[in-house]
Structures are given as C-alpha cells and as structure tokens.
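What follows is the residue order along each chain.
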Amino acid sequence: MTYSGAVKVGGAADVHELTDLMISKVAVGPMDNNAYLLRCRATGEQLLIDAANEPHTLLTLIGDDGIAAVVTTHRHGDHWQALAEVVEATGATTYAGAYDAEGIPVATDVRVEDGDTITVGRVELTARRLVGHTPGSIALVYDDPHGHPHVFTGDCLFPGGVGNTWKDPEAFASLIDDVEGKLFAVLPDETWVYPGHGKDTTLGDERPHLAEWRERGW
C-alpha cells in the first residue's frame, strides 16, 4: 500500500516502509496528535516519537516487541498524556530536549542537545533544537542513505507554516530562523516532513512560501 500520511483518531495506522526503517503513524487524542513508531528493519528495535494520548492504542501499535526509547518532541501537555503509562509498560528510555525536560512530568533519562544522535537499532536520528514554539523543542532528522531525508518536526513545522508562537514577534523570529537555518537550508526539497498534528508535507512544497510566512508573522 502507498503511504499517504493521512490518519484519523480511531483509525488504523499508516505505515511508511523504507529500506532500513518502518515508520507507523497513528492519530490519537482530542487534539488529533500524531505519534510515530519507528522500527529498525535490521534489528527489530523500536522507538516511539510522542506518547501523546491513548496509551492502549500506542501499546497495541508497539506490540509484544516493546520499545527501547520514547522521544517527546516538546513540553506541551498534549504530547505526553500517555508517556507515563507507556514507559511503565515498556521500560523505555525517555528522551526530550534539554530545555524542555523540566516541563515534562515524566523524568527524562536523556536530555537532548542540538546535534545529538539518537539511535534505533542501526538507524541514526539527528536532533535539531528549534526555539520559539517552546524553548527546547526538537526535530528528529533521518538522513536515509537509500533515498531522501525524513524529519519529524513536532509542532515546529506544518503544511502551511511554522508552529504557534502566540503572536510573539521574538518567538516567531526565533522559530522561523531555526526552521530555515537548520532544516530548509541543509535538507533537500524531497525531505518528507512528519508533523505533530495533521497531514505530512515535504520541504519542497513549503519552501516557496517561506518569505510569505515571514511577511505575515506567523
């Protein structure tokens, strides 16, 4: 089946099958959050991005193989409602941005700095700190050696714009600067974007609108 990235709460996961990595996307909770289960195809090791809500749904998706780690993209409550239950059930190591960890009520085992590497089996993900939506939001970049990059952006980049900065010009300037400098400036148009809510996109689809976003201020 062709991956579309279109999922709905209560519906099935959509699976993006790459050469070395399987990415399962599921929508959970009242705020239509996306959670992503990454599975290394060589080792079977799994990692979850954002235990956002519906722990039963997430644990069913994880299955009997469990997860080695769960990464929380940022401190906002809709992204960690199921974190405690998922960690209790799986014993997973917890990761979060160093500057957001204090705002997450489940202890962070590994505080992630910009440029740090997180592994799932033989697959490496590079963390990029994006400041503005929160002080310590992180995106995770998988530079697929067999194809184009993939980036999990939390609430920092969506189809149509960057994340909410609540009409704070300084926060908006910081976020769009980081998104441009750490994602658009270094990754190709083919880069697939997996956001924290809603549909996927690519950097190529969004790149023509960067000046427009700056002009409107959100």
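Shown above is the structure to which this text applies.
First, a word on scope: everything that follows refers to the structure included in this document. Fair warning: this is a prediction, and the values are worked out from it, not measured in the lab. (Residues numbered from 1 in each chain as written. Predicted model: local features only at pLDDT ≥ 70, side-chain atom pairs only at ≥ 80, totals over all residues. Heavy atoms only, no water.)

### Here's the deal with the pairing of strand 3 (residues 33–40)
At step 1: For strand 3, the buried fraction is high: seven of the eight residues fall into the buried class.
At step 2: Looking at chain direction, strand 2 (residues 21–28) and strand 3 are connected through eight bridges and run antiparallel. Bridge assignment links Ile23 to a residue of strand 3, and that residue is Leu38.
At step 3: Linkage of strand 2 to strand 3, two consecutive antiparallel strands, is achieved through a turn of four residues, within which Gly29 is found at a positive phi near 80 degrees.
At step 4: Pairing of strand 3 with strand 4 (residues 46–49) involves four bridges; the strand directions are antiparallel. Opposite Tyr36, over in strand 4, you have Ile49 as the bridge partner. (Buried < 20%, exposed > 50% of the residue type's maximum accessible area, 1.4 Å probe, protein only. Helix = DSSP H or I, 4+ residues; strand = E, 2+ residues; numbered from the N terminus. Pairing = 2+ DSSP bridges.)

### A short note on the layout of surface pockets
At step 1: Considering only enclosed or pocket space, the largest pocket measures out at about 170 Å³ in volume.
At step 2: For the largest pocket, the full set of lining residues is Phe158, Val162, Gly163, Asn164, Thr165, Trp166, Lys167, Gly217 and Trp218.
At step 3: Looking at the lining of the largest pocket, its residues break down into four nonpolar, four polar and one charged. (1 Å grid on protein atoms, 1.4 Å probe; cavity = no way out; pocket = protein on both sides within 12 Å on 5 of 7 lines; lining within 4 Å. Points joined across faces, edges and corners; volume = space filled by probe spheres on them. Nonpolar A, V, L, I, M, F, W, Y, C, P; charged D, E, K, R; others polar.)

### Overview of the packing of aromatic side chains
At step 1: Taken as a whole and judged by the stated rule, the model has six aromatic pairs.
At step 2: When the ring of Tyr3 is compared with that of Trp192, the centres are 5.9 Å apart and the planes differ by 55 degrees; the resulting orientation is tilted. Here Tyr3 is found in the segment before strand 1 (14–17), whereas its partner Trp192 is found in strand 14 (residues 192–195), with 189 residues between them in sequence.
At step 3: A centroid spacing of 4.5 Å and a plane angle of 15 degrees characterise the contact between Phe152 and Tyr194, whose relative ring orientation is stacked. One end of the pair, Phe152, is in strand 11 (residues 149–154); the other, Tyr194, is in strand 14, with 42 residues separating them in the sequence.
At step 4: Judged by its relative accessible area of 1%, Phe152 is buried.
At step 5: Using a relative accessible area of 0% as the deciding quantity, one classes Tyr194 as buried.
At step 6: Aromatic ring contacts, followed pair by pair, group Tyr3, Tyr36, Phe152, Trp192 and Tyr194 into a single cluster. (Phe/Tyr/Trp six-rings, centres within 6.5 Å; stacked < 30°, edge-to-face > 60°.)

### Focus on the packing of helix 1 (residues 55–62) against helix 2 (residues 83–90)
At step 1: Direction vectors running N to C along helix 1 and helix 2 enclose 35 degrees, while the axes themselves pass 9 Å from each other. Crossing angle aside, the handedness with which helix 1 passes helix 2 is right-handed. Residues Pro55, Leu58, Leu59 and Ile62 of helix 1 lie in contact with helix 2, whose contacting residues are Glu85, Val86, Ala89 and Thr90.
At step 2: A breakdown of the residues in the contact of helix 1 with helix 2 according to their chemical character gives six nonpolar, one polar and one charged. (Axes fitted to C-alpha atoms, helices over the stretch in contact; angles between N-to-C directions. Left-handed = near helix turned anticlockwise from the far one by under 90°. Contact = heavy atoms within 4.5 Å.)

### Focus on the sheet that holds strand 7 (residues 110–112)
At step 1: Taken together, the seven strands give an open sheet; going across it, the order is 1-2-3-4-5-6-7, and neighbouring strands pair in mixed fashion. Of all the strands in the sheet, the pair left with one neighbour each is strand 1 and strand 7. On average, each strand axis in the sheet is tilted by 20 degrees relative to the strand beside it, whichever way the strands run.
At step 2: For strand 6 (residues 93–97) and strand 7, the ladder comprises three bridges, and the chain directions are parallel. From the neighbouring strand, Ala96 faces strand 7, where its bridge partner is Arg111.
At step 3: Along the sheet, helix 1 makes contact with strand 2, strand 3 and strand 4, crossing strand 2 at roughly 160 degrees.
At step 4: Along the sheet, helix 2 contacts strand 4, strand 5 (69–72) and strand 6; its crossing angle with strand 5, the most-contacted strand, is approximately 165 degrees.

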